[in-house]
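# Observations on chain architecture
Here is how the chains run, residue by residue.
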Amino acid sequence: MAKSDEKHFVWEIKNFSSERCYSISVMVGDCKWRVVAGPKGCKEDYLFLYLEVADFQLLPYGWRRHVKFLFSIVNQLSQNLAVREVTQQWFDQNAPIWGFEEMIPLAELNAKDSGVLVDGDLIILARVQVLEVIGTLDESIQSNGLLNKTQEFLGTLNESIQSNGLLNQTREVEEIIDVNGFQVLPSQAESVRRIFEKHPDIAVGVQVKNQHLRTTLMNFLVNVIETMCQSLRELSNEDLVEVDIALTYLKNARFKVDWLEKKLDQVKENKEKELSGLVKLQEIEQQLHDLMHKCETKKSEVLSIGAPLKFDDVV
């Protein structure tokens with residue numbers, strides 16, 4: 001299916017250091033994309049920049065995206081571009097990430113008065129254009145073999161993690177913590193512990209053995225819960241549909257998430273109440289506005305009638 005969607009965004013990295021970092025996810029086309037940055041990638045003396053499909057776990061088996069993307073690093077002292085790179089690539093389940101291993105030499109990046117790194121801050125401009133889409137999420141939902149496709153997806157992702165060095169590289173972290181047999185980031189450890197404390201049997205049926213894949217699934221679960229923890233104003237109906245789909249994938253991976261489905265039903269119900277309440281509130285506000293206007297008009301009439309007569313009005 002041919003399609004063309006494009007989006008520009010600016011990523012300002014505060015206190016840039018030796019740690020790998022990720023931009024916020026941006027929706028372009030029918031999926032979310034993010035930029036991955038860090039020093040000492042495949043080329044130790046260069047800064048690397050990669051473009052990654054942030055939610056590729058949700059896409060159907062066999063998906064592909066033909067994308068043209070451009071990265072620019074801003075010279076903050078002159079407002080010119082210090083470096084600019086552009087390319088076109090096919091992203092798929094075996095390669096959900098592509099980019100530039102030698103974006104800029106670290107010596108140039110850290111050079112005094114270069115304008116690239118100012119007070120520890122780095123500014124990156126990105127342009128992502130989706131040229132062609134093969135395999136959409138809707139197609140996956142509408143197909144009769146959702147469970148089979150999910151199992152195929154898990155198997156393919158497992159093979160990808162084992163064979164694709166670049167994906168392994170972007171997923172590696174300096175420190176991991178084991179929580180009930182799942183290796184997670186330190187920032188997620190407490191959340192995962194709390195999940196197992198309240199739902200100790202949540203993963204008893206999970207048969208996946210590969211630690212990379214188990215980490216991906218647990219990260220998926222935590223992200224679903226964090227999404228549901230947003231305020232109703234922040235949660236769109238599209239977000240709730242995506243959470244519903246995500247729970248289907250987790251169930252097919254044998255996670256026990258019936259309690260989470262009940263919470264989702266509550267959130268959906270509250271969302272409907274909020275929307276209907278907002279409509280009612282707007283109606284009341286309009287009625288109040290009309291009443292206030294009528295009140296002011298009547299007040300003016302009464303004050304006019306009660307005003308004292310002037311001398312000329314009497315004689």
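Residues numbered from 1 in each chain as written. Predicted model: local features only at pLDDT ≥ 70, side-chain atom pairs only at ≥ 80, totals over all residues. Heavy atoms only, no water.

Naming follows an unreviewed UniProt entry, where the chain appears as MATH domain and coiled-coil domain-containing protein of Cardamine amara subsp. amara.

With that settled, consider the overall build of the chain. When helices and strands are counted, the chain shows 9 helices and 11 strands. Per-residue burial for the chain yields a buried fraction of 40% across its 315 residues. The contacts in the chain between residues at least 6 apart in sequence include a share of 67% that link residues at least 24 apart. For the chain, the accessible surface area stands at approximately 18,100 Å², while carbon and sulfur atoms represent 50% of it. (Helix = DSSP H or I, 4+ residues; strand = E, 2+ residues; numbered from the N terminus. Buried < 20%, exposed > 50% of the residue type's maximum accessible area, 1.4 Å probe, protein only. Contact = heavy atoms within 4.5 Å. Areas by Shrake-Rupley, 256 points an atom, 1.4 Å probe, with all protein chains shown as cover.)

When you tally the buried positions in strand 4 (residues 31–39), you get 8 out of 9 residues, the bulk of the element. Where strand 2 (residues 21–22) lies against strand 4, 2 bridges are found, and the strand directions are antiparallel. Paired with Cys21 across the two strands is Ala37, which belongs to strand 4. Across 3 bridges, strand 3 (residues 26–28) lies against strand 4 in antiparallel orientation. Residue pairing for strand 4: Val28 is matched across the bridge by Cys31. In this sheet, strand 5 (residues 46–53) lies alongside strand 4 in antiparallel orientation, the contact comprising 7 bridges. (Pairing = 2+ DSSP bridges.)

Within the structure shown, the criterion is met by 12 salt bridges. Among the salt bridges present, the one from Lys14 reaches Glu12, with a minimum N-O distance of 3.1 Å. In this structure, Glu301 engages Lys298 in a salt bridge whose closest nitrogen and oxygen atoms are separated by 3.6 Å. Here the residue Glu301 and the residue Lys298 both occupy positions in helix 8 (residues 258–305), the gap between them amounting to 3 residues, near one helical turn. (Salt bridge = Lys/Arg side-chain N within 4 Å of Asp/Glu carboxyl O.)

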